[in-house]
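Results of the structural survey
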Amino acid sequence: MLKAVILIGGPQKGTRFRPLSFEVPKPLFPVAGVPMLQHHIEACSKVPNLKEILLIGFYQSNEALMRFLVTAQQEFKVAIRYLQEFSALGTGGGIYHFRDQILSGGPQAFFVMNADVCCEFPLPQMLEFQKKHEETHQYIMLGTTANRTQSLNYGCIVAEANTQEVLHYVEKPGTFVSDIINCGIYLFSPSIFQHIAEVFKRNQQDLQLEENSSWQRSEVIRLEQDIFTALAGRGQLYVYKTDGFWSQIKSAGSAIYASRLYLSQYRIMHPERLALNKERAPMILGNVYIHPTAKVDPTAVLGPNVSIGMGVTIGAGVRVRESIILHGAVLQDHSCVLNTIVGWGSSIGQWARVEGTPSDPNPNDPYAKIDSETLFREGKLTPSITILG
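Reading the values: rules and limits
- Residues numbered from 1 in each chain as written.
- Predicted model: local features only at pLDDT ≥ 70, side-chain atom pairs only at ≥ 80, totals over all residues.
- Heavy atoms only, no water.
- UniProt positions renumbered as here; feature names shortened; annotations may be inferred.
- Helix = DSSP H or I, 4+ residues; strand = E, 2+ residues; numbered from the N terminus.
- Rg over C-alpha atoms; globule rule 2.2 N^0.38 Å.
- Contact = heavy atoms within 4.5 Å.
- Areas by Shrake-Rupley, 256 points an atom, 1.4 Å probe, with all protein chains shown as cover.
- Lys, Arg positive; Asp, Glu negative; His and termini not counted.
- Charge placed at Lys NZ, Arg CZ, Asp CG, Glu CD.
- 1 Å grid on protein atoms, 1.4 Å probe; cavity = no way out; pocket = protein on both sides within 12 Å on 5 of 7 lines; lining within 4 Å.
- Points joined across faces, edges and corners; volume = space filled by probe spheres on them.
- Phe/Tyr/Trp six-rings, centres within 6.5 Å; stacked < 30°, edge-to-face > 60°.
- Lys NZ or Arg CZ within 6 Å of the ring centre and 35° of its normal.
- Pairing = 2+ DSSP bridges.
- Core = buried A, V, L, I, M, F, W, Y, C linked by side-chain atoms within 4.5 Å.
- Buried < 20%, exposed > 50% of the residue type's maximum accessible area, 1.4 Å probe, protein only.
- Expected span 1.5 Å × (residues − 1).
- Axes fitted to C-alpha atoms, helices over the stretch in contact; angles between N-to-C directions.
- Parallel < 35°, antiparallel > 145°, perpendicular 65-115°, else oblique.
- Left-handed = near helix turned anticlockwise from the far one by under 90°.
- Nonpolar A, V, L, I, M, F, W, Y, C, P; charged D, E, K, R; others polar.

If you look the protein up in an unreviewed UniProt entry, it shows as Nucleotidyl transferase domain-containing protein from Eleutherodactylus coqui. Under the Sequence similarities (unreviewed entry) heading, UniProt states for the protein: "Belongs to the transferase hexapeptide repeat family."

Looking only at helices and strands, the protein has 9 helices and 29 strands in total. Taking 389 residues into account, the globule formula puts the C-alpha radius of gyration at 21 Å, and the protein, at 22 Å, falls close to it. Its C-alpha atoms give the protein principal-axis dimensions of about 65 × 50 × 50 Å. Restricting to contacts in the protein with at least 6 residues of sequence separation, those with at least 24 account for 61%. For the protein, the exposed surface amounts to about 17900 Å²; the carbon and sulfur share of it is 51%. Charged side chains of the protein number 34 positive and 35 negative; the gap between the two group centres comes to 3 Å.

A cis amide bond, omega -5 degrees, links Gly303 with the succeeding residue Pro304. With respect to the element layout, Pro304 can be found in the loop between strand E17 (301–302) and strand E18 (306–308). For Lys77, which is not glycine, the phi dihedral falls at a positive 50 degrees. With respect to the secondary-structure elements, Lys77 resides in the loop between helix H3 (63–76) and strand E5 (79–84).

Turning to the layout of surface pockets, a few remarks are in order. Its volume calculated, the second largest pocket comes out at about 770 Å³. In this structure, the second largest pocket is lined by 24 residues; those nearest its centre are Leu28, Pro30, Pro35, Met310 and His327. Top contributing element to the lining of the second largest pocket by residue count: H3, with 6 residues.

Counting across every chain of the model gives 12 aromatic pairs. An aromatic cluster is built from Phe110, Tyr139, Tyr169, Tyr186, Phe188, Phe193 and Phe228, whose rings are joined through pairwise contacts. For Arg148, the ring lying beneath its charged end belongs to Phe176, and the centroid distance is 3.6 Å.

With that settled, the discussion passes to the sheet that holds strand E26 (residues 353–355). Spatial strand order, E14-E17-E20-E23-E26: 5 strands in an open sheet with parallel pairing. Each end of this open sheet is capped by a strand with a single partner; those strands are strand E14 (283–284) and E26. Pairing between E17 and strand E20 (residues 319–321): 2 bridges, direction parallel. If you follow Leu302 over to E20, its bridge partner there is Val320.

Phe29, Ile53, Phe111, Leu123 and Ile341 are the most contacted members of the largest nonpolar core, which has 71 residues in total. Ranked by residues supplied to this core, first place goes to helix H9 (residues 252–269) with 9 residues. Contact partners of Phe29, with chain neighbours within four places excluded, come to Phe17, Leu20, Val34, Pro35, Met36, Ala255, Ile324, Leu326, Ile341 and Trp344. Counting 33 residues, the second largest nonpolar core, distinct from the first, contains Val5, Ile180, Phe188 and Phe200.

Mapped onto the elements of the fold, Ile249 is located in the loop between strand E13 (246–248) and H9. Residues contacting Ile249, with those up to four places away along its chain left out, are Phe17, Lys26, Val31, Met36, Asp116, Val117, Cys118, Ser254, Ala255 and Ala258.

With that settled, the discussion passes to H9. The end-to-end C-alpha distance of H9 is 25 Å, a good match for the 26 Å that 18 residues give at a rise of 1.5 Å each. Counting buried residues in H9 gives 13 out of 18 residues, a clear majority hidden from the surface.

Whether parallel or antiparallel, the strands of a sheet pair through hydrogen bonds between backbone atoms. If you walk across this open sheet you meet the 5 strands as E15-E18-E21-E24-E29, and the pairing is parallel. The sheet terminates laterally at strand E15 (288–290) and strand E29 (386–388), the two strands that pair on one side only. Across this sheet, the average inter-strand angle for adjacent strands is 5 degrees, counted without regard to direction. Sheet topology places strand E21 (residues 323–325) next to strand E24 (residues 340–342); 2 bridges connect them, and they run parallel. Bridge assignment links Ile324 to a residue of E24, and that residue is Ile341.

For the pair helix H7 (residues 192–209) and helix H8 (residues 223–231), interaxial distance at closest approach is 10 Å and the crossing angle is 115 degrees. Comparing the axis directions of H7 and H8 gives the class roughly perpendicular. Between H7 and H8 the crossing geometry is right-handed. Touching Ile192, His195, Ile196 and Val199 of H7 are Leu223, Asp226, Ile227 and Leu231, all from H8. Residue composition of the contact of H7 with H8, grouped by class: 6 nonpolar, 1 polar and 1 charged.

Let us now look at the UniProt feature "domain: Mannose-1-phosphate guanyltransferase C-terminal" (unreviewed entry) in the protein. As annotated by UniProt and renumbered to match this structure, "domain: Mannose-1-phosphate guanyltransferase C-terminal" (unreviewed entry) occupies residues 284–356. Secondary structure across residues 284–356 divides into 0% helix and 44% strand, with the first and last C-alpha atoms of the span separated by 21 Å.

Burial runs high along strand E8 (residues 139–145): 7 of the 7 residues are buried. On E8, burial covers both faces: Tyr139, Met141, Gly143 and Thr145 on one face and Ile140, Leu142 and Thr144 on the other are all buried. Where E8 meets strand E11 (residues 180–188), 6 bridges bridge the pair, whose relative direction is antiparallel. Its bridge partner being in E11, Gly143 is matched across the sheet by Asn182. Taken together, the 5 bridges between E8 and strand E12 (residues 237–241) define a ladder with parallel strand orientation. Following the sheet pairing, Tyr139 is matched in E12 by Leu237.

The following block contains the structure:
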């Protein structure tokens, strides 16, 4: 039996995702027409013998989240529960805090996934890789190739060429270490909790030496810096490299890029989600998702990489490209929307033009990742996509 844990974080993070994260918890933000988390859950539901998915985070269990869980359980026929932390415990602290829930029913192994990544989720391949070398491969991390300069923004993995054993792991190094980066998706056997427990005890001892520290701080454990760095080179941690697409969804600009990656995956996995060119229907270029409740004038031109949400109205002669239109928005006649996220219930007037600057990875470099840009660089506003709130 297997389980999966998805780390969804909480409200104090996701600041780069404002103002979109005010309306809805970031993990429920629609990417390619469905909530970001749904892509993870769908991938888990396809893994044979995966019995339960646990979401761990410190969002108050609000209506939107609960409604999403109920519909996802029905749709994917898998048990899903939300476990709420009392405060941010870090990537390792959360799973350690809820270890009894994760281990109940005796799973042989469990996946741990960060909610803010978009990828092909090669979960069956990771399982296969672990099964081939059952004695040694207790912990597996998903890795992918980045370009040299961008690798510094991620966790870097130095692996043995033949066995893929992780010899060295550094989170966001100061100088170049390796172009293989951590994708934030792991497969652990239950013995990982022994290593987390060691860190927990060490934290407690360190805190006893400090006088006015709170007990809570010993529970804050980071998988990357506290666990992987220690496990590297001990013959237990291995990397499974993927050539499939992968991106982080840190900023709103990266949501449009992630949407493009998922929309192109729909061609193979979910062709029914993509709009087609028909008579008396809008002109579709490339991959476009239109929610069945949206009203789109047949003279509109949409695409490539456009996702139209629930109850959206699009008038005559409207042009939309590389954009996400969220539910209830109205695009009036002859408006033009490029590289933009149009927020819930927003309205764009006739003949208005709303245009952002794409923050795409370098198209000439197959290993380029999207830069999670800060809003300002050297005192200037970094050009990015436009968000209409």
